[in-house]
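Observations on the three-dimensional arrangement
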Amino acid sequence: MVGYIRQAWLVLGLALLFGVALAGVDAALKPRILENARVARIAAAQEVVPGGAAVTEVPALPNVLRVDDAQGRLMGWAVEGSGQGYADTIRVLFGLTPDGQALTGLVVLYNQETPGLGNKITEYEWRKQFLGQPTDAELVPVTRHSGQPREIDAVTGATISSQAVCTIINQQTLEPTPQGLAPSRLIATLADLAEQAQISPDAPAPGGRAEPLPVTPDDVSAYTGSTPQKKE
Amino acid sequence: MANGLPGPTTRFFNGILPENPVYRQILGMCPVLAVTNTMAGAITMAGATAFVLICANVITSLLRNALKPHLRILVFTLTIASFVTIADRTLAAFLPLMSARLGPYIPLIIVNCIIICRAEVCASKQGVGTAFFDAAGTGLGFLLALASISLVREVLGNGTVLSGWAGPGGLGLRVLPESFPTWNLLLLPPGAFFTLGVLMGLVNWYSLARKRRVAQGNLFTVGAEAARAEVQA
């Protein structure tokens, strides 16, 4: 034991010293890092709901952000979902209309899909297919498009990544029942909240505080790994 | 110089070209190939690496008399890993976009052999001053290498320099007209190999041409005798 310590005292001492130093660095920087992540989430929410300005949290729905325009009118919801991709978990944020009946946008917050194949799910050209898709039935990735709604062109050679994104959205919007798939409780709740907002449109957003516009769309594209989208 | 090892000035200038970590020692190829498609990313990577290099070299040099031969690599790795974590967290806090873009390559500095090489070759044997200048020179050499590779790749691949940092909306300063057909391939992984190969060839050609001039007596330098011998051999 004494011999062991005589050999290893430097390593042990350094490990202790560096451990304390790293704990200090982490404690000092953590608030800033968390704030950065929050700003990135708000920026993504503004991208997936067109016309969105103020973003607030929704009490009781931890994975949903409420998006209002500058006048405080409800423009839609940004819903976060995650699921297994080809290489690692994929996290996405997708936008819904106030009544939850259609998608308004999609960004990929985190992915480790194959560069050049699966990670094409971050590109605007692929993501824009989700705009306007109804949420009342499953989104299906297809390799040959037949012109039906709810069909998503799978990325060539990366059907697993494409399927994963569709599944993540389907799991949030639909629930299995004995009669088949039905709109999920989340959609029903959001529709209720939208109705309340219509009855008293001047009422402030429920819970949370309004967030100012923190970042530009260029920043969002940097977070989501896509090229800045061109307005069409 | 007492023990026959180069002094601080020699160490510093050696790191820049004669012993350039990328062009001469072919070390640290992972960041060289992975993050040189934009200049901003490459410079950030080189800055983080230089920070870790200097801190690790200074600490190692301070501890050099207490190092046990069979435990030294453990001490090097521990020191390097700690400073890499500090660099990684600092980037995440103050340059979140850059941190997101560089992704896993900042934590991967831990296994960058340039740093452990400097600890082994210089810092574990020489004083703090020499170790500092050695790290600074090597860091500068690494920065020059990454900046030169990324300059070629970004200009020809995207038509800009410093996208993400300068220019309108951070899109970069446009140096080639919009009509220039950009070589997208240079931004993709194969472009890193092509650029590295061509630039390394140019550096070798320049060094050889310089040695030849020295050998012919057109250029007088301290190393003339050695260069003459080398060319003849």
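In what follows, the structure referred to is the one given above.
Below or above, wherever it landed, is the structure these notes cover.

Looking now at the pairing of strand β2 (residues 61-68) of chain A. All names here are of chain A. The sheet contact formed by strand β1 (residues 54-58) and β2 spans five bridges and is antiparallel. By the bridge assignment, V55 is partnered in β2 with V67. Pairing analysis gives five bridges linking β2 to strand β3 (residues 74-84), with the strands arranged antiparallel. When the sheet's bridge partners are listed, V67 is paired in β3 with G76. From the end of β2 to the start of β3, which pair antiparallel, there are five residues, and G72 there has a positive phi angle of about 85°.

Turning our attention to the interface of chain B and chain A. Facing 20 residues of chain B, the contacting portion of chain A comprises 19 residues. For the side of chain B that touches chain A, the secondary structure elements donating two or more residues are α4 (72-94) and α5 (96-102) of chain B. Tallying contributions element by element places α4(B) first for the side of chain B that touches chain A, with ten residues. The class makeup of the residues in the side of chain B that touches chain A is twelve nonpolar, five polar and three charged.

All names here are of chain A. Ordered by their spatial adjacency, five strands build an open sheet running β1-β2-β3-β4-β5, and the pairing between neighbours is antiparallel. Each edge of the open sheet is held by one strand with a lone partner, namely β1 and β5 (103-110). Neighbour-to-neighbour, the strand axes of this sheet turn through a mean angle of 25°, independent of strand direction. Sitting on the sheet, helix α1 (residues 2-48) is in contact with β1, β2, β3, β4 (89-96) and β5, with an inclination near 150° to β5. On top of the sheet, helix α3 (residues 159-173) reaches β3 and β4; it is set at about 120° to β3, its chief contact.

This paragraph deals with the environment of B:Q25. Here B:Q25 shows up in the loop between α1 (8-16) and α2 (29-34). Taking C-alpha positions, B:Q25 is 19 Å from B:V35, a pair spaced ten residues apart along the chain.

Cut-off values and rules
- Residues numbered from 1 in each chain as written.
- Chains lettered and ligands numbered in written order.
- Predicted model: local features only at pLDDT ≥ 70, side-chain atom pairs only at ≥ 80, totals over all residues.
- Pairing = 2+ DSSP bridges.
- Helix = DSSP H or I, 4+ residues; strand = E, 2+ residues; numbered from the N terminus.
- Contact = placed C-beta atoms within 7 Å.
- Nonpolar A, V, L, I, M, F, W, Y, C, P; charged D, E, K, R; others polar.
- Axes fitted to C-alpha atoms, helices over the stretch in contact; angles between N-to-C directions.

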